[in-house]
Amino acid sequence: MIFDTHAHYDDEQFDEDREALLASMQENGIGTLVNVCASVHGLQNTVDLMDRYPFVYGAIGVHPDDAGEMTEETLDTIRRLSDHEKAVAIGEIGLDYYWHKEEAEHEVQKRMFRAQMDIAREKKLPFIIHSRDAAEDTLKIVKEYMQGGMYGGIIHCFSYSKEIAAQYLDMGLYLGIGGVVTFKNAKKLKEVVEMAPLSQILLETDCPYMSPEPYRGKRNSSLNLPYVAAKIAELKGITPEEVVQTTEENARKLFGIE
Ligand code: NI
């Protein structure tokens, strides 16, 4: 069954039908999903979803967009919530220079990225990275941490070149692949997917964002992942079933879920 390694079902876009939607997952082939924290004030929402649904796991962390709002108390909360038995990763964390252009903001983001990488190491959990327009700094920090010993990780919504992908793959990290791979203009990402071994690819939605074709621009959900699996299968010349099965095994192995 499909494993969605990156979803945001606590987003307000799901307020009207969250319960019905999540109840329909398993009968539609979505076996497991990881709900990923993003905001400082949304950390508890992921815990509530993990407690409520047996097939929902969680990643605890704060997105670089919110780095400026983080305090020592936020880091303590992340540490505490990541002890939950269904917390399987620290994320999403990283750098976003697309929405944040000021050098001072970059410094704050880097500090909070490192602080959360420290928690991933301390708690022996994999990390989930968001990186946009910050290829060089992200790679530098990840390399530094990997040399000191980490417990695996995902570069979520991978958006850089084949050459940068190769460096993450060499470190044994995974690439999260979602709706973008189905877009006509996603030439670079298609090359990355052709090159990357299936054993280091994970399926993800980033829902409510990043709907695949033919639903581009609409609200996304895990139910659209068959379109992503089909595109990966086409690019690699294998069956969609093989993509679903191998990416599920990859996710279970990385997150330590039986
Ligand atoms: Ni996300």
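Description of the structure in this document. As the structure is a prediction and not an experimental result, all values here were calculated from the model.

Basis of the calculations
- Residues numbered from 1 in each chain as written.
- Predicted model: local features only at pLDDT ≥ 70, side-chain atom pairs only at ≥ 80, totals over all residues.
- Heavy atoms only, no water.
- Helix = DSSP H or I, 4+ residues; strand = E, 2+ residues; numbered from the N terminus.
- Pairing = 2+ DSSP bridges.
- Axes fitted to C-alpha atoms, helices over the stretch in contact; angles between N-to-C directions.
- Contact = heavy atoms within 4.5 Å.
- Buried < 20%, exposed > 50% of the residue type's maximum accessible area, 1.4 Å probe, protein only.
- Polar contact = N/O pair within 3.5 Å; in protein donor to acceptor, adjacent residues only side chain to side chain.
- Arc of directions from axis to C-beta.
- Right-handed = clockwise from strand over helix to strand, strands pointing away.

**Here we look at unusual backbone geometry**
- Omega for the peptide link from Gly 91 to Glu 92 comes to 0°, which places this bond in the cis form.
- Note that Glu 92 resides in strand β4 (residues 87-96).
- In this structure, the amide linkage connecting Glu 213 to the following residue, Pro 214, adopts the cis form with an omega of 10°.
- At Cys 157, a position not held by glycine, the phi torsion is positive, near 50°.
- The topology assignment puts Cys 157 in the loop between β6 (153-155) and α6 (162-170).
- A positive phi angle, close to 65°, is found at Met 210, a residue other than glycine.

**Side note on the sheet that holds strand β8 (residues 201-203)**
- If you walk across this open sheet you meet the eight strands as β1-β2-β3-β4-β5-β6-β7-β8, and the pairing is parallel. Edge positions in the sheet fall to β1 (2-7) and β8, since each has one partner strand and no second. Adjacent strand axes in the sheet meet at a mean angle of 30° when their direction is disregarded.
- Relative to strand β3 (residues 56-60), strand β2 (residues 30-36) runs parallel, the two sharing four bridges. The residue of β3 that forms the bridge with Asn 35 is Gly 58.
- Across the sheet, helix α9 (residues 240-255) is in contact with β1, β2, β4, β6, β7 (174-177) and β8; its angle to β8 comes to roughly 100°.

**Section: the environment of Ser 131**
- Counting through the fold element by element, Ser 131 comes out in strand β5 (residues 127-132).
- Note on Ser 131: relative accessible area 7%, which makes it buried.
- Each C-alpha atom of the pair Ser 131 and Leu 175 lies 12 Å from the other, and the pair is 44 residues apart in sequence.
- Filtering out sequence-adjacent residues up to four positions away, Ser 131 remains in contact with Leu 95, Thr 138, Ser 159 and Tyr 160.
- Side-chain polar atoms of Ser 131 contact the side chain of Thr 138, separated by 2.7 Å.
- One polar contact links Ser 131 to Tyr 160, side chain to side chain, over a distance of 2.6 Å.

**Things to note about α6**
- Turning to α6, its buried residues number three or more, namely Ile 164, Ala 165, Tyr 168 and Leu 169. The buried residues of α6 occupy an angular sector of 140° when projected down its axis, which confines them to one face. Across from the buried face of α6, at angles greater than 90 degrees, the exposed residues are Glu 163 and Asp 170.
- Where α6 is buried, its residues meet α5 (135-147), β6, β7 and α7 (187-195).

**Notes on the pairing of β3**
- For β3, a buried count of five out of five residues is recorded, marking the element as mostly surrounded by other parts of the structure.
- Of the two faces of β3, the one carrying Val 56, Gly 58 and Ile 60 and the one carrying Tyr 57 and Ala 59 are both buried.
- Remark: the β2/helix α2 (residues 43-52)/β3 crossover connection has right-handed handedness.

**A word on α7**
- Of all the residues in α7, the buried ones are Leu 189, Lys 190, Val 192 and Val 193. Burial along α7 is one-sided: seen end-on, the buried residues are contained in an arc of 160°.
- Those residues of α7 hidden inside the fold are in contact with α6, β7, β8 and α8 (225-236).

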